[in-house]
Each structure stands twice: as C-alpha cells, then as structure tokens.
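Fold and contact review
Here are the chains, one letter per residue:
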Amino acid sequence: MLLLSDFPPDARRAVRGVLADIDDTLTTGGRLTAEAYAAMERLKSAGLLLIPITGRPAGWCDHIARMWPIDGVVGENGAFYFRYDRATHSMRRHFADDPAARTRHRGRLEAIGREILAAVPGAAIAADQHYRETDLAIDICEDVPRLPPAAVDRIVALMEQQGLTAKVSSIHVNGWFGAYDKLTMTKTMMRECFGVDADAERERYVFIGDSPNDAPMFAHFPHAVGVANIRDFEGQLAHAPAYVATLRGGAGFSEVADFLLAARSA
C-alpha cells in the first residue's frame, strides 16, 4: 500500500465521488465523531457524490439515508440500497432479493445463528440483528470480548457449510444467501440513481474502508484508500487498497476528505 501522499494530484482533482465503509472507517471506537460528520458535510458542500457502503442493517440505513449529508446508502454488505429524495419526501428502496426470498431466508438464518452460538463459545448474535432484512450478523468484538482468530475462522466455516456467503468485518461476521456483495449493489445504485457506469468511471470515485469485507471495493477502485487501521488486517486481505491514510477510523476518513478537497482548490 502506498502512502496517501502518493495519490497523484491530477487523479485527485478528477474525483467525482467518495464511497466509504462506516464501522471503523467513518466511526471511531463505535462512535460517529463530530470530525467525521463535518468531513461528510465538506464533501457534500464541494459537490461530490457521497455514499456509505456498509454491513449495517436496513433499520439503521433508513435513518442514515434520511438524516446524514449523503446521497444514499448501500447496506447489509450489498443486499440493498436506499436513497431518500428530500424534494418528494420519499425513500427509494432496492433489494437484491424479492420479499418472498427474504422471508424464506430469515428463518434459515435464525437456525444457523443458533447452531453457531452452540458451537463457538463467546460468540453472540449482533445487537442490530433485529433490524436486518437479509443477513445474519455474529458479534465478534462489538459487545462481546474479542474472539480469537480461530473462533472467527470457525464461524466463517460454519456459515459456508450452510451455503452462506460469509464476510468478516471489523466487528461482525456476516452471512447471507446469494452471490451479491458491496460492489455489485454499489454498481447497481450508481447506474440506476446517478447514471454512472462504475466500471468505466471507476478512476473518478474513491472508496475508503478498513477491513476484509471491503476487499471487492478495494479491488475495483484503483484509488481506494484504507484508513490506518487497515494495517490490523495485513495478511488477511484478499485485495488491499492502493493507498493508506496516516490516521485511524473517523480521523482517517477526515484526513482523506481534506486531502481530496485540497486538490480541488489548488
């Protein structure tokens, strides 16, 4: 990974939008700081597209889409996007699966969750599970003592044995039925909501993340950036970001935002 200072000025000036993970990228120690929120405001005021790409649940994402200074949100690791139209006071919701499939999967996910808790001491169902539409989130350190790597690997293996796609974030292991991920739904949202081809224009968008479940985004966007805590996962990343910030969490997000905005005013 290159230093953030190695990001070419011409490429920074060409950036038209920022996509960012939430947990431990926008947040710090589980909190959205004033510093990170203000950085979002600055990006929006500069006219940049701003979309959080998160593993957090639908219930949270409804609030985020309405209340944050953003253009929309991709949630549950790519299960859906929400975009709130402030002019018409209406929410656009697009899911990868239809309602019948989501209902059918929910019962199976609950049973798999019980099996994982019985097999992996110390694991817990994530506190935000009640607000999820499509996936199972197992807490590995948010509200429980941090599980050792072997336990995390065991959770992943159990999910995969049941036919789930399993991804590790900085706080949860998420599992779902289907082949979608953060990148596939990001492409869909950018095309349907903003008329952007995320393949043809990928050099004009920066993704900021921090953990292994961000790997598809790191691989796709040539100017992806990791906040400094991405280094905690060295050796565990299928794909690493091109650049790494000097600061962790929300401070790192703010650092990247100001770095991009400085190039626009130069």
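All figures in this text were calculated on a predicted structure; none of them were measured in a lab.

**Describing helix α3 (residues 58-67)**
A turn of α-helix holds 3.6 residues, and therefore any two residues three or four places apart point the same way. Restricting attention to buried positions, one finds in α3 the residues Ala58, Cys61, Asp62, Ile64 and Ala65. Relative to the axis of α3, the buried residues are bounded by an arc of 165° and lie together on one face. Lining the buried residues of α3 we find β5 (49-52), β6 (73-75), β7 (80-85) and β8 (90-95).

**Some points on the packing of aromatic side chains**
Taken as a whole and judged by the stated rule, the model has seven aromatic pairs. Aromatic side chains Phe7 and Tyr243 sit 4.8 Å apart centroid to centroid with 10° between the ring planes, which places their arrangement in the stacked category. In this pair, Phe7 sits in the loop between β1 (2-3) and α1 (9-13) while Tyr243 sits in strand β15 (residues 243-244), placing the two residues 236 residues apart along the sequence. For the residue pair Phe7 and Tyr243, the accessibility class agrees, reading buried in each case. Three or more aromatic residues joined by ring pairs form one cluster here, namely Phe7, Tyr243 and Phe259. For Arg12, the ring lying beneath its charged end belongs to Phe259, and the centroid distance is 3.9 Å. Directly above the aromatic system of Phe95 lies the positively charged group of Arg102, at a separation of 3.8 Å from the ring centroid.

**Description of the side chain of Ser169**
Checked against the element boundaries, Ser169 lands in the loop between β11 (165-168) and β12 (172-176). A distance of 3.1 Å separates a polar atom in the side chain of Ser169 from the backbone nitrogen of Ile171. Once residues lying within four places of it in the same chain are set aside, the contact partners of Ser169 are Ile140, Asn174, Ser211, Asn213 and Phe233.

**Comments concerning the sheet that holds β7**
Taken in spatial order, the three strands line up as β6-β7-β8 in an open sheet, and their pairing is antiparallel. This sheet does not close on itself; its edge strands, each paired only once, are β6 and β8. Direction aside, neighbouring strands of the sheet carry axes that sit 20° apart on average. Of the strands in this sheet, β6, β7 and β8 touch helix α6 (residues 182-194), which is tilted by about 30° from β7.

Calculation notes
Residues numbered from 1 in each chain as written. Predicted model: local features only at pLDDT ≥ 70, side-chain atom pairs only at ≥ 80, totals over all residues. Heavy atoms only, no water. Buried < 20%, exposed > 50% of the residue type's maximum accessible area, 1.4 Å probe, protein only. Helix = DSSP H or I, 4+ residues; strand = E, 2+ residues; numbered from the N terminus. Arc of directions from axis to C-beta. Contact = heavy atoms within 4.5 Å. Phe/Tyr/Trp six-rings, centres within 6.5 Å; stacked < 30°, edge-to-face > 60°. Lys NZ or Arg CZ within 6 Å of the ring centre and 35° of its normal. Polar contact = N/O pair within 3.5 Å; in protein donor to acceptor, adjacent residues only side chain to side chain. Pairing = 2+ DSSP bridges. Axes fitted to C-alpha atoms, helices over the stretch in contact; angles between N-to-C directions.

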